[in-house]
Amino acid sequence: MSEILVAYKEQKREWTLKLGTEFPLQYVNRQASQQYEFLFCVEIPWPLLRVWCDLLEYTPVINPNYIDLLNSSVVDGWFTLRRDCQRINELLRRKASMVKQAYKKTAGRKRQELDEKVYKLSVRRMETESIEALKAEVEKCQNELEEWKRKYVDLENEKKKLYDNMKNEINKLGEEITDLKQVNKDLAEYVETLERKESLKCQGENSIS
């Protein structure tokens, strides 16, 4: 999912989210007694919903999450929705699928009319991340970064130690090769001396005979 978010954030989008407090009429009628639970509405342009649907449909992702895409579309961190909010994720999934089908069935001026439509998503009080939760997440990321830095330093130290050990082994091997060359040279000189003595001995015996 992280790869999708990186690619999505790099896109230049013409459509932006808007916040409002005017909830859809069906929410007011259906949940009048619970209206106080709603904090605000997020107005999501239909073209953006279609982009989300295509993005998650044509990219292999385990457990696709529309909330990640919504949070990535929020400007200047106005709010952050809880990633585990199944109600919102399911609402976005259904609406995005419906929007995509609507675009498939229209063309020309009617499609332009679809571009002007927005989906009002009502957000409840417990569906946003608290400041404490966000701070905890930031602190967790910072700790992970520090741990990575520490491991990186340890790795660099290990690499340096390994390099020094290899260098010492190479130097030691070079010294052994030099010593071996000297031994071979001494041995060759010794053999040559023996051969010379043997040659002189043979010459002496020949002169006597």
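Coordinates for the structure precede this section.
Parameters and conventions
- Residues numbered from 1 in each chain as written.
- Predicted model: local features only at pLDDT ≥ 70, side-chain atom pairs only at ≥ 80, totals over all residues.
- Heavy atoms only, no water.
- Helix = DSSP H or I, 4+ residues; strand = E, 2+ residues; numbered from the N terminus.
- Buried < 20%, exposed > 50% of the residue type's maximum accessible area, 1.4 Å probe, protein only.
- Contact = heavy atoms within 4.5 Å.
- Areas by Shrake-Rupley, 256 points an atom, 1.4 Å probe, with all protein chains shown as cover.
- Polar contact = N/O pair within 3.5 Å; in protein donor to acceptor, adjacent residues only side chain to side chain.
- Axes fitted to C-alpha atoms, helices over the stretch in contact; angles between N-to-C directions.
- Parallel < 35°, antiparallel > 145°, perpendicular 65-115°, else oblique.
- Left-handed = near helix turned anticlockwise from the far one by under 90°.
- Nonpolar A, V, L, I, M, F, W, Y, C, P; charged D, E, K, R; others polar.
- Phe/Tyr/Trp six-rings, centres within 6.5 Å; stacked < 30°, edge-to-face > 60°.
- Lys NZ or Arg CZ within 6 Å of the ring centre and 35° of its normal.

Engineer: Help me understand the overall build of the protein in this model?
Structural biologist: For the protein, the helix and strand inventory stands at seven helices and three strands. When the helices and strands of the protein are read in sequence order from the N terminus, they spell out α-β-α-β-α-α-α-α-β-α. Counting across all 209 residues of the protein, residues that qualify as buried make up 25%. Relative to all contacts within the protein whose residues are 6 or more apart in sequence, the contacts with residues 24 or more apart total 76%. Of the roughly 15,600 Å² of accessible surface on the protein, 53% is carried by carbon and sulfur atoms.

Engineer: Hey, could you run me through helix 4 (residues 66-73) in this one?
Structural biologist: Residues separated by three or four positions in an α-helix point in the same direction, a consequence of the helix having 3.6 residues per turn. In terms of burial, helix 4 is a largely internal element, seven of the eight residues being buried. Every buried residue of helix 4 is accounted for by Tyr66, Ile67, Asp68, Leu69, Leu70, Ser72 and Ser73. With a side-chain oxygen lying 2.8 Å from the backbone nitrogen of Ile67, the N-terminal cap of helix 4 falls on Asn65.

Engineer: Would you explain the packing of helix 3 (residues 46-57) against helix 4 in this entry?
Structural biologist: How two helices sit against one another is set out by the angle between their axes and by the gap between those axes. Where helix 3 meets helix 4, the closest approach of the two axes is 11 Å, and the angle between their N-to-C directions is 130°. Overall, the two elements helix 3 and helix 4 adopt an arrangement that is oblique. Every pair of crossing elements has a handedness; the one defined by helix 3 and helix 4 is right-handed. Two secondary-structure elements touch here, helix 3 through Leu48, Trp52, Cys53, Leu55 and Leu56 and helix 4 through Tyr66, Leu69, Leu70 and Ser73. The class makeup of the residues in the contact of helix 3 with helix 4 is eight nonpolar, one polar and no charged.

Engineer: When you look at the packing of aromatic side chains in this model, what are you seeing that I'm missing?
Structural biologist: Given two aromatic rings, one states the distance between the centres and the angle between the planes to describe the pair. If you walk through the whole model with that rule in mind, you get zero aromatic pairs. The aromatic ring of Tyr103 is capped on one face by Arg50, whose charged end is 4.1 Å from the ring centroid.

Engineer: Help me understand the packing of helix 4 against helix 5 (residues 86-104), please; the structure alone is not making it clear to me.
Structural biologist: Contact geometry for helix 4 and helix 5: axes closest at 8 Å, N-to-C directions at 90°. In this view, helix 4 runs roughly perpendicular relative to helix 5, as classed from their interaxial angle. Contacts between helix 4 and helix 5 involve Tyr66, Ile67 and Leu70 on the former and, on the latter, Ile88, Asn89, Leu92, Arg93 and Ala96. Here the contact of helix 4 with helix 5 is built from residues that sort into six nonpolar, one polar and one charged.

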